[in-house]
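Spelled out, the chains give:
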Amino acid sequence: MLKLPIYMDNHATTPIDPRVLEAMRPYLAEDFGNAASRNHSFGWKAEAAVELARKQVAALIGASDKEIVFTSGATESDNLALKGAVEFYKDKGDHLITLKTEHKAILDTCKRLERMRQERLDELKMMRLSELADRDVTPEELATLEIKFDLEKDAVYQRWVAKVRTGARVTYLDVKKDGLVDLEQLKAAITDRTILVSIMLANNEIGVVQPVNEIGKICRERGVLFHSDAVQGLGKVPFSVDEAKADLVSITSHKIYGPKGVGALYVRRKPRVRIAPSIDGGGHERGMRSGTLNVAAIVGFGKAAELSRTEMASEAARLEGLRDRLLKGLQSKLDMLVINGSMEHRLPGNLNISFAYVEGEALMMAIKDVAVSSGSACTSASLEPSYVLRACGIEEDMAHSSIRFGIGRFNTEEEIDFVIELMGKSVTRLREMSPLYEMAKEGIDLKSVSWTAH
Amino acid sequence: MAYSDKVLEHYEKPRNVGTLDKDDPNVGTGLVGAPACGDVMRLQLKVSDAGIIQDARFKTFGCGSAIASSSLVTEWVKGKTLEEAGKITNVEVAKELSLPPVKIHCSVLAEDAIKAAIADFQKKRAARATPATAAAATAETVK
């Protein structure tokens, strides 16, 4: 029996697998101990449970349990990896490289590191300008005085700049049209000041899987750290920290049918990778992340990781089958569909399609019994559609027309067929209502029309 | 984000979707917005010789609020004079549909569409009138 609504947004989050919930239950009730309590059985039991989970999580990415640092989720892991490496390796360099299509947890962290460096530079400028002008200089005067005293050529100021150890400079690499990184561009971007490259395993919108093994090889050869946000690819495509030569890897539980609020950062031990902690306190997680461990959630994460590891191959094949059924079904009912991102290097459960001449949000309203996402952003103040799709060179109108289907463990063939029927009807109805579709059918080149932007 | 009942109602059962003959001298067409911004509205008005809007049709590429805004104004303009229709503001549309702040631009687009359609109709009428007036003026001179 088909049950509505249908959840097909498994990139956003996944439901907890009943087997995971079962494993967690005791630790939400009678086994409530603090894993850091070393002197009684309550603590020992909690610690044993955490250590088993640590092994289960490590096994999923081919790591050792000693390399797993539990966090509150992948956003924290990303912050910890980038900020922690920048701080620890500040004497080695100050340059990071990442992709324009990374998750906001990476991009916004990079922006903050850039801002931190800029603020430090501005302070130094103020100090130097106050000296040169022989009076107190205000921040408002900085821009004009900087030119007047030609700070770019001022030897003293330049000497100070060379000593700045705060924040970082960041290169944001473009991606190719299929969403994949250009390895030649990556090689060219690495300098002797580069300390870390951060490139995701799989993209959250278009599901494109990056060639992490090649990226890791380049990084190792050039002596820079390789961090990967592996959240979307974890348990979906084969990934091993050794094959990828990854030094730092962010993962999370709630995308692999585990509970929310728990994730981990893999930190390589051989050769040893160091990071400065962001949260200080009791020295938990080998000093890299203080705070009492969320035992029940960690147990759930461990169980989810174990299930993903043992079932990955069969599940991937099943999801790919459902995804292809969805694609073929949509193509049989509708014309003018454009698939966003590489079909070859893609997560098995991901399909991101632009339904030309129909706006994504209106489409989501039409299929309100099916939970999906859209790259349209009619609700944001800027009206800017998905930056990921834009970075792939997809025109704005097509980005506004995109829908992301995230097929997961609990979706069925029956659900896929229901979605195909509903999408066929809804897109057709909205196209009949779309002036653009009518114009396109009449043969008008929409690019030749002078639109009134607003 | 939750939609108001009125937006949902117009979205589910949009009024006056369709196309009027844009070459008909009594039809004014307004096409506003841009595909890149995620919404384009086309509003067409059929105006009687007495200057009353007899019919209105729309087609919209946009979110549910944009579709509802255009559907609503097609209902509102019918039976109005051009002058009355030109006075409909986005504030009235936004209020009627209880649009949240992020959707106000949809109501602005609906107001722009009415104004653009009226302007197109008036341009057509002026173009029609000009040769006639010119002919009359020529006749004057000859006489």
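Before going into details, it helps to say that this report is about the structure given with it. Owing to the predicted nature of the structure, the values given are computational and were not obtained by experimental measurement.

1. Digging into the pattern of salt bridges
Residues and elements named next belong to chain A.
Step number 1: Counting across every chain of the model gives 47 salt bridges over all chains.
Step number 2: Put simply, Arg 54 and Glu 51 hold a salt bridge, and the shortest N to O gap is 2.9 Å. Of this pair, Arg 54 and Glu 51 both sit in helix α2 (residues 41-60), separated by 3 residues, roughly a single helical turn.
Step number 3: Assessed through its relative accessible area of 8%, Arg 54 is described here as buried.
Step number 4: With a relative accessible area of 27%, Glu 51 lands in the partly exposed category.
Step number 5: With a closest N to O distance of 3.1 Å, Arg 165 and Asp 91 form a salt bridge. Of this pair, Arg 165 sits in the loop between α6 (155-161) and β4 (169-173) while Asp 91 sits in the loop between α3 (74-88) and β3 (95-99); the two residues are 74 residues apart in sequence, bridging distant segments of the chain.
Step number 6: We classify Asp 91 as exposed; its relative accessible area is 62%.
Step number 7: Connected through shared salt-bridge partners, Asp 17, Arg 19, Glu 311, Glu 315 and Arg 409 make up one network.

2. So, helix α1 (residues 5-12) of chain B
Step number 1: When we look at burial in α1(B), the residues that qualify are B:Val7, B:His10 and B:Tyr11. Buried positions in α1(B), seen along its axis, are confined to an arc of 100 degrees and lie on one side of it.
Step number 2: For α1(B), the secondary structure elements touched by its buried residues are α10 (360-366) and α13 (413-432) of chain A together with α2 (64-77) of chain B.

3. Details of the nonpolar core
Residues and elements named next belong to chain A.
Step number 1: Grouped together as the largest cluster of nonpolar side chains are 76 residues, with contacts concentrated most on Ile 61, Phe 70 and Ile 251.
Step number 2: Other than its neighbours up to four places away in sequence, Ile 251 contacts Val 57, Ile 61, Gly 73, Ala 74, Ser 77, Ala 230, Val 231, Leu 234, Gly 263, Ala 264 and Phe 301.
Step number 3: Met 8, Val 358, Ile 407 and Ile 416 belong to the second-largest nonpolar core, a separate cluster that totals 61 residues.

About the thresholds
Residues numbered from 1 in each chain as written. Chains lettered and ligands numbered in written order. Predicted model: local features only at pLDDT ≥ 70, side-chain atom pairs only at ≥ 80, totals over all residues. Heavy atoms only, no water. Salt bridge = Lys/Arg side-chain N within 4 Å of Asp/Glu carboxyl O. Helix = DSSP H or I, 4+ residues; strand = E, 2+ residues; numbered from the N terminus. Buried < 20%, exposed > 50% of the residue type's maximum accessible area, 1.4 Å probe, protein only. Arc of directions from axis to C-beta. Contact = heavy atoms within 4.5 Å. Core = buried A, V, L, I, M, F, W, Y, C linked by side-chain atoms within 4.5 Å.

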